Amino acid sequence: MKNWWNGLDQTVLAMAGLRFLSASIELTAAICMLLVNDVRKAIAINSVLAIVGPAIFIGTMAIGIFQIAGEISYGKMIFIGLGVVFILAGIYK
């Protein structure tokens, strides 16, 4: 087990850590919605998640892209960037 942990790429570990943080926030929000037991308050809690989700997504993508930036061409970087922009546009439009 120790060898497996030491063999993890630090970038992958950071990306997974952000996803674990996101999952924890989502689970906490779901529990809060159940505890408040009010539709209006649940919508308010859900609106906070609309900010947290894309922020975690952007952070995770940024970590990954910075790590592989030297290994891929500028054209592929542009396609990755456009993909992220299209995903965010699809979420907010």
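Residues numbered from 1 in each chain as written. Predicted model: local features only at pLDDT ≥ 70, side-chain atom pairs only at ≥ 80, totals over all residues. Heavy atoms only, no water.

> Would you take a moment to explain a nonpolar patch on the surface for this structure?
Together, Ile-78, Phe-79, Leu-82, Val-85 and Phe-86 line one region of the surface with nonpolar side chains, adding up to about 570 Å² of accessible area. When you line up the elements, Val-85 lands in helix H4 (residues 74–92). (Patch = residues over 30% accessible without salt bridge, like charges linked within 9 Å, V, L, I, M, F, W, Y side chains within 5 Å. Areas by Shrake-Rupley, 256 points an atom, 1.4 Å probe, with all protein chains shown as cover. Salt bridge = Lys/Arg side-chain N within 4 Å of Asp/Glu carboxyl O. Helix = DSSP H or I, 4+ residues; strand = E, 2+ residues; numbered from the N terminus.)

> I keep staring at helix H2 (residues 10–36) and nothing clicks. Help me out?
Helical periodicity: at 3.6 residues per turn, an α-helix aligns residues three or four positions apart in one direction. Between its first and last C-alpha, H2 extends 39 Å over 27 residues, near the 39 Å set by a 1.5 Å rise per residue. Those residues of H2 not exposed but buried are Thr-11, Ser-22 and Ala-29. Here the buried face of H2 lies against helix H3 (39–68). At the N-terminal boundary of H2, the capping side chain belongs to Asp-9, with an oxygen 2.8 Å from the backbone nitrogen of Thr-11. (Expected span 1.5 Å × (residues − 1). Buried < 20%, exposed > 50% of the residue type's maximum accessible area, 1.4 Å probe, protein only. Contact = heavy atoms within 4.5 Å. Polar contact = N/O pair within 3.5 Å; in protein donor to acceptor, adjacent residues only side chain to side chain.)

> Please clarify how the environment of Gly-83 should be interpreted in this entry.
Tracing the backbone shows Gly-83 in helix H4. Classification of Gly-83 by relative accessible area gives partly exposed; the value is 26%. Between the alpha carbons of Gly-83 and Gly-7 there is a distance of 30 Å; along the sequence they are 76 residues apart.

> Whenever I open this one, unusual backbone geometry confuses me. Can you help?
For residues that are not glycine, phi is negative in most cases, and the peptide bond is trans in most cases. In the Ramachandran plot, Asn-37 falls in the positive-phi region, its phi being about 50 degrees despite a non-glycine side chain. Among the structural elements, Asn-37 can be located in the loop between H2 and H3. Exposure remark for Asn-37: the relative accessible area of 70% places this residue in the exposed category.

> Got a minute to help me understand the UniProt feature "transmembrane region" (unreviewed entry) in the protein in this structure?
In this numbering, the UniProt entry assigns the feature "transmembrane region" (unreviewed entry) to residues 12–36, 48–68 and 74–92. Summarising residues 12–36: 100% helix, 0% strand, and an end-to-end C-alpha distance of 36 Å. The span residues 74–92 is 100% helix and 0% strand, and its two end C-alpha atoms sit 27 Å from each other. (UniProt positions renumbered as here; feature names shortened; annotations may be inferred.)

> I tried to follow the side chain of Thr-60 on my own but got confused; where do I start?
For Thr-60, the position within the fold is in helix H3. Classification of Thr-60 by relative accessible area gives buried; the value is 8%. If sequence neighbours within four positions are ignored, Thr-60 has contacts with Met-15, Leu-18 and Arg-19.

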